[in-house]
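Residue-level structure breakdown
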Amino acid sequence: MSSSAIRFRRLGAATAIITAVSGGAILISPNLSANDRGGGPAFDAVRQRITDPNAVVPTRAAQESVLISSTAKNPLDVLVIGGGATGSGAALDAATRGLRVGLVEREDFSSGTSSRSTKLIHGGVRYLEKAVFNLDYGQLKLVFHALEERKQMIDNAPHMCHALPCMTPCFSWFEAIYYWMGLKMYDLVAGPRLLHLSRYYSARESVELFPTLAKKGQDRSLRGTVVYYDGQMNDSRVNVSLACTAALAGAAVLNHAEVVSLLKDEANERIIGARIRDNLSGNEFDTYAKVVLNAAGPFCDSVRKMANKDVQPMICPSSGVHIILPDYYSPDGMGLIVPKTKDGRVVFMLPWMGRTVAGTTDSNTVITALPEPHEDEIQFILDAISDYLSVKVRRTDVLSAWSGIRPLATDPSAKNTESISRDHVVCEECPGLVTITGGKWTTYRSMAEDAVTAAIKSGKLSPANGCLTHNLRLIGGDGWEPSSFTVLAQQYKRMKKSYGSKIVPGIMDTAAAKHLSHAYGTFAERVAAIAQNEGLGKRLAHGYPYLEAEVAYCARQEYCESAIDFIARRSRLAFLDTDAAGRALPRVVEILATEHHWDKARQKHELEQAKKFLETFKSSKNAQFHDGKH
């Protein structure tokens, strides 16, 4: 029997099994009561704190004093190390369970892996293929679980996450039938959590939907495409919102605060806290906690080594490089995903924030704080996508390129050392230090839940209630509608200072209003009010909708402490267009200096640091792209 026939038979058998077992419904589901999923007095109280229109996050100084005031006799319940998606998610989870929580992050929230992702919220089509061909129920459970979390993530941050159609080109009738069946199975596994049904388009329809798609590729003609749906997000803004939501829920979150050593009770060898350095002031202090939760991503091994220098590494780091191209490479609202290129890798091109993001590589790397993409990796992506496009793919079109480190994890307690997992690992090798690592952005919420549950067990903690994050909307998400931007466009002006400090009124155009609405949700009106009332309505960079008012708002409300915090994570300018970010820098520093009372020396330092940071994003210096919008 041919390999094609075997693949079809397995696909058919797996479809039958999934249909029979699930009846189109979900197979596994976390152990949460109906109350915890979005009801009950505890949930309502937390929701009220987060959605209060007058809610203001505690100042950074107030958060630091909470950490400093913890003592050996009166410790925090949980101290989280790492402010990425998992760490910030864990701080939110623990705080909403009524625990006393602190979180410290060496750089900024989302400064590592969490801001350098593919921007997709996916169930894992490839895991489904593995589950089918290896008849692996474990892989199938991973897909079920990820699809549940995908839907939940989009519901919990609707302003920053949305469904995105992705097109898979088929250059033979076998591919067309194979992908169609596989993606119908993906729909079936999603069950009630389906975003939209997948469907087949002819070659002519496909080129209408995706004008730059090649009709011929690798000596083959396009037969058609299958379009399916996954989620897409603004990753670092989701992460910053998680940290701010945790702060409103009662967690003491502190960025630019580095753990220099762990505190140990010599009597019983238990970890009881951490020595922390505030990297902005240079001050050091001890924070005590009943449990320390290590969520440091690729750096979790270095935290584990602070507890025991002889521990075996858990992290197998992998480098993922992405590039940003102008918007004409992909139509707005339609992505292109090729599941298998010539060398067997996945390559994609997705519309993202008015530009096109393309990737990705998957290669071994060393762990470093600022990973940089290699020129051959950028070239690999350009070569891979050029096989599927009818337009010339040029290196000069690369507006930005970056590398992120995926912390693939091995379980130190597993017998088989080959079990490098895309799933997450929670372990406690040293009493009082719980480590969570691995996993992926899509499942950050359930990873955080597992980590906090393990911390409660380790510290014999007494939470007031169970996990509440399943249906908890992040800051700015409650009450947000896709039409919310119209209120901004109708009710606010973009007042801006011109030369001679004259205030010039300008309209709050649709591009700026839509951007503010999607970045800040229901809190966008606060930013618009600053633009109108404080003369900060000017755009920071030509061709991009970012306003000066956002710098002031992020400094006041989102713990934006440096120029890099703003250009890379509060806004996405560094990722979207490195040159535009460089041009915006002087004004960003000027506004932050006013907000944080920086002297001239600090302003100069900020400018230098940010320029160095932008050099790690390998744009093409002559890739100027202007869309004519002011």
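Residues numbered from 1 in each chain as written. Predicted model: local features only at pLDDT ≥ 70, side-chain atom pairs only at ≥ 80, totals over all residues. Heavy atoms only, no water.

**A closer look at the overall build of the protein**
Helix and strand content of the protein: 20 helices and 22 strands. Computed over C-alpha atoms, the radius of gyration of the protein comes to 24 Å, within 12% of the 25 Å expected from 2.2 N^0.38 for 630 residues, which places it in the range of a compact globule. Considered along the principal axes of its C-alpha atoms, the protein spans approximately 70 × 65 × 45 Å. When contacts within the protein are restricted to residue pairs at least 6 apart in sequence, long-range pairs at least 24 apart make up 74% of them. With an accessible surface of roughly 25,200 Å², the protein has 53% of that area assigned to carbon and sulfur atoms. (Helix = DSSP H or I, 4+ residues; strand = E, 2+ residues; numbered from the N terminus. Rg over C-alpha atoms; globule rule 2.2 N^0.38 Å. Contact = heavy atoms within 4.5 Å. Areas by Shrake-Rupley, 256 points an atom, 1.4 Å probe, with all protein chains shown as cover.)

**Details of the nonpolar core**
Counting 138 residues, the largest nonpolar core has C161, Y520 and V588 as its most contacted members. When near neighbours in sequence (up to four residues on either side) are disregarded, V588 contacts L540, V551, A563, F566 and I567. V227, F380, I381 and A401 belong to the second-largest nonpolar core, a separate cluster that totals 29 residues. (Core = buried A, V, L, I, M, F, W, Y, C linked by side-chain atoms within 4.5 Å. Buried < 20%, exposed > 50% of the residue type's maximum accessible area, 1.4 Å probe, protein only.)

**Looking at the pattern of salt bridges**
Enumeration over the complete set of coordinates arrives at 36 salt bridges. Note that E284 is salt-bridged to R277, the shortest N-O span being 3.5 Å. Looking at E284, the relative accessible area reads 37%, which means it is partly exposed. D397 serves as the salt-bridge partner of R394, at 2.7 Å between the closest nitrogen and oxygen. (Salt bridge = Lys/Arg side-chain N within 4 Å of Asp/Glu carboxyl O.)

**Thoughts on the packing of aromatic side chains**
One pair of aromatic rings is described through two measures. These are the centre distance and the angle between the planes. What the rule picks out here adds up to 12 aromatic pairs. Arranged with centres 5.9 Å apart and planes meeting at 80°, the rings of Y186 and Y228 form a pair that is edge-to-face. With Y186 in helix α7 (residues 173-190) and Y228 in strand β8 (residues 224-233), this residue pair connects regions lying 42 residues apart in the sequence. Each member of the pair, Y186 together with Y228, is buried. With a centroid separation of 5.4 Å and 85° between ring planes, the pair formed by Y520 and Y553 is classed as edge-to-face. (Phe/Tyr/Trp six-rings, centres within 6.5 Å; stacked < 30°, edge-to-face > 60°.)

**Some words on the environment of D265**
Tracing the backbone shows D265 in strand β10 (residues 257-265). A sequence separation of 193 residues divides D265 from A72, and the C-alpha atoms of the two residues are 9.8 Å apart. Setting aside residues no more than four positions away along its own chain, D265 makes contact with R270 and I272. Engagement of the side chain of D265 in a polar contact is seen with the backbone nitrogen of A267, the distance being 2.9 Å. (Polar contact = N/O pair within 3.5 Å; in protein donor to acceptor, adjacent residues only side chain to side chain.)

**Side note on the side chain of T118**
With respect to the helices, strands and loops of the structure, T118 is situated in the loop between β2 (101-104) and β3 (120-121). For T118, the side chain forms a polar contact with the side chain of H322, separated by 3.0 Å. Apart from residues lying up to four places away in sequence, T118 is in contact with H322, F348 and L350.

**Things to note about the confidence of the model for the protein**
For the protein, per-residue confidence averages 90 on the pLDDT scale, and 91% of positions sit at 70 or higher. Confidence over residues 20-36 falls short of pLDDT 50; this stretch has 38 contacts with residues more than four positions distant or in other chains. Per-residue pLDDT stays below 50 along residues 622-630; that stretch engages in 25 contacts with residues further than four places along the chain or on separate chains. (pLDDT = per-residue confidence, 0-100.)

**Considerations on helix α4 (residues 85-96)**
The periodicity of an α-helix, 3.6 residues per turn, causes residues three or four positions apart to be oriented the same way. Taking 1.5 Å per residue, 12 residues should reach 16 Å; α4 reaches 16 Å between its end C-alpha atoms and fits that length. Burial analysis of α4 places 12 of its 12 residues in the buried class, which makes it a mostly covered element. The complete set of buried residues in α4 reads A85, T86, G87, S88, G89, A90, A91, L92, D93, A94, A95 and T96. A positive phi of about 90° marks G98, the residue just after α4. (Expected span 1.5 Å × (residues − 1).)

**Concerning the packing of helix α16 (residues 548-557) against helix α19 (residues 578-596)**
Helices that pack against each other are described as a pair by the angle of their axes relative to one another and the distance between those axes. Two elements in contact, α16 and α19, have axes separated by 9 Å at closest approach and are oriented at 40°. Classified by the interaxial angle, the pair formed by α16 and α19 is oblique. Crossing geometry of α16 relative to α19 is assigned as right-handed. Counting all contacts with α16, which are made through E548, V551, A552, A555 and R556, the residues of α19 involved are R587, V588, I591, L592, E595 and H596. (Axes fitted to C-alpha atoms, helices over the stretch in contact; angles between N-to-C directions. Parallel < 35°, antiparallel > 145°, perpendicular 65-115°, else oblique. Left-handed = near helix turned anticlockwise from the far one by under 90°.)

**Looking at the packing of helix α15 (residues 524-533) against α16**
Running from N to C, α15 and α16 point in directions that differ by 125°, and their axes come no closer than 8 Å. The angle between α15 and α16 falls in the class oblique. α16 is crossed by α15, and the crossing has right-handed handedness. Within the contact between the two elements, α15 uses R526, V527, I530 and A531 and α16 uses A549, E550, A552, Y553, R556 and Q557.

**Details of the state of the cysteines**
Across all of its chains, the model carries zero disulfides by this definition. As a non-bridged cysteine, C300 has C427 as the owner of its nearest cysteine sulfur, 7.8 Å distant. Its relative accessible area of 0% is what places C300 among the buried residues. Lacking any disulfide linkage, C316 is separated from the closest cysteine sulfur, that of C300, by 12 Å. When its relative accessible area of 26% is taken as the criterion, C316 is described as partly exposed. (Disulfide = S-S within 2.5 Å.)

**Description of unusual backbone geometry**
Comment: phi is negative for the bulk of residues other than glycine, and the bulk of peptide bonds are trans. Omega for the peptide link from G359 to T360 comes to 5°, which places this bond in the cis form. Topologically, T360 is positioned in the loop between β16 (355-359) and β17 (363-364). A positive phi angle, near 70°, is found at S110, a position not held by glycine. Note that S110 resides in the loop between β2 and β3. Despite not being glycine, H256 has its phi angle at roughly 55°, a positive value.

**Structural notes on helix α12 (residues 444-459)**
For α12, which comprises 16 residues, the first-to-last C-alpha distance of 22 Å matches the rise-based estimate of 22 Å (1.5 Å per residue) to within 8%. A large share of α12 lies buried, amounting to 12 of its 16 residues. Restricting attention to buried positions, one finds in α12 the residues Y444, R445, S446, M447, A448, E449, A451, V452, A455, I456, S458 and G459. Once α12 finishes, K460 follows within two positions and takes phi at roughly 50°, a positive value.

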